[in-house]
Amino acid sequence: MIPSLKPYAVAILAVAVSLVCTVLSLPLGERSQLFLPLAAVVLSAWYGGAGPGLLATALTVAAQALFFESHGHDLVRSGLFVLISA
């Protein structure tokens, strides 16, 4: 039986919305770039289970590395994000 792809689509959409909201709110609080994506991970895991939750976590970390300015402490922040999300 083929599993439904709807939970994975919800995970991708939740991460995309959270990243857009994060980019729009960066001038307000540059220190908390992972607060909204964490909510997307929680929503994805609640709705779809472990697979969509892990997909949302991976997408968030990849987007964080690609689109946001990285500093030395971002590796620690991303590691803690993955630990909390898992």
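Sequence order as written defines residue numbering, which begins from 1 separately in each chain. Predicted model: local features are reported for residues with pLDDT of at least 70 only, side-chain atom pairs are reported and counted for 80 or more only, and whole-chain, interface and lining totals are derived from all residues. Hydrogens and water molecules were not included; the side-chain quantities draw on all heavy atoms of the structure.

### Here we look at the confidence of the model for the chain
Operational definition: On a scale of 0 to 100, pLDDT captures the predictor's confidence in every residue. For the purposes of this entry, the term helix denotes a DSSP run of H or I that reaches at least four residues, the term strand denotes a run of E that reaches at least two, and both are numbered from the N terminus.
Taken residue by residue, the chain gives an average pLDDT of 83. The fraction at 70 or more is 83%. Helix α2 (residues 35-48) holds the highest mean pLDDT among the elements of the chain, 91, whereas helix α4 (residues 72-85) holds the lowest, 80.

### Observations concerning the side chain of glutamine 64
Stated formally: Each residue's exposure class comes from its accessible area (1.4 Å probe, protein chains only) as a fraction of the maximum for that residue type: buried when under 20%, exposed when over 50%, partly exposed otherwise. Working rule for contacts: check all heavy atoms of both residues, and any pair within 4.5 Å makes them a contact.
Structurally, glutamine 64 is set in helix α3 (residues 50-67). You can call glutamine 64 buried: its relative accessible area is 8%. In this structure glutamine 64 touches Gln33, Leu34 and Ser78, once residues within four positions along its chain are discounted.

### Some thoughts on the nonpolar core
Short version of the rule: Residue types Ala, Val, Leu, Ile, Met, Phe, Trp, Tyr and Cys, when buried and joined through side-chain atoms within 4.5 Å, form a set referred to as a nonpolar core.
In terms of nonpolar packing, the biggest core is built from 11 residues, these being Ala11, Ala14, Val15, Leu19, Leu34, Ala40, Val41, Ala56, Ala63, Phe68 and Phe81. Every element with two or more residues in this core is listed here: α1 (6-25), α2 and α3. In terms of residues, this core owes the most to one element, α1, which gives four residues. Apart from residues no more than four positions distant in its own chain, leucine 19 is found in contact with Pro37, Ala63 and Phe68.

### Looking at α3
Spelled out, the test is: Helix span, expected: 1.5 Å multiplied by one less than the number of residues in the helix. The reported arc concerns the directions from the helix axis to the C-beta atoms and nothing else.
With 18 residues, α3 extends 25 Å between its outermost C-alpha atoms, agreeing within 8% with the 26 Å of an ideal straight helix rising 1.5 Å per residue. Within α3, burial applies to Pro52, Gly53, Ala56, Thr57, Thr60, Ala63 and Gln64. Taken end-on, α3 shows its buried residues confined to a sector of 145°, consistent with a single buried face. Turned more than 90 degrees away from the buried face of α3 sit Ala50, Leu54, Ala65 and Leu66, all of them exposed.

### A few points about the packing of α1 against α3
Rules: Angular values range over 0 to 180 degrees, each being the angle between N-to-C directions of two axes fitted as lines to C-alpha atoms, with helices fitted over their stretch in contact. Note that the term roughly parallel is reserved for angles under 35 degrees, roughly antiparallel for angles over 145, roughly perpendicular for angles of 65 to 115, and oblique for everything else. Take the far helix as the reference: if the near one is turned anticlockwise from it by less than a right angle, the crossing is left-handed, and if turned clockwise, right-handed.
The interhelical angle for the contact between α1 and α3, taken along N-to-C directions, is 30°, at an axis separation of 9 Å. When the interaxial angle is binned, α1 and α3 end up roughly parallel. Crossing of α1 over α3 shows right-handed handedness. Between α1, through Pro7, Tyr8, Ala11, Ile12, Val15 and Leu19, and α3, the contact on the second element is made entirely by Gly51, Pro52, Leu55, Ala56, Leu59, Thr60 and Ala63.

### Regarding the packing of α1 against α2
Pairs of packed helices are described in terms of their axes, by the angle between the two and the distance that separates them. To be explicit about the condition: Under the scheme applied here, ten amino acids are nonpolar (Ala, Val, Leu, Ile, Met, Phe, Trp, Tyr, Cys and Pro), four are charged (Asp, Glu, Lys and Arg), and all others, including Gly, are polar.
Following both chains from N to C, one finds α1 and α2 inclined at 165°, their axes separated by 8 Å at the closest point. Accordingly, the angle class assigned to the pair α1 and α2 is roughly antiparallel. Of the two elements, α1 crosses α2, and the hand of that crossing is right-handed. For the pair formed by α1 and α2, the contact residues are Lys6, Pro7, Val10, Ala11, Ala14, Val15, Ser18, Leu19, Cys21 and Thr22 on the first element and Leu36, Pro37, Ala40, Leu43, Ser44, Tyr47 and Gly48 on the second. Here the contact of α1 with α2 is built from residues that sort into 12 nonpolar, four polar and one charged.

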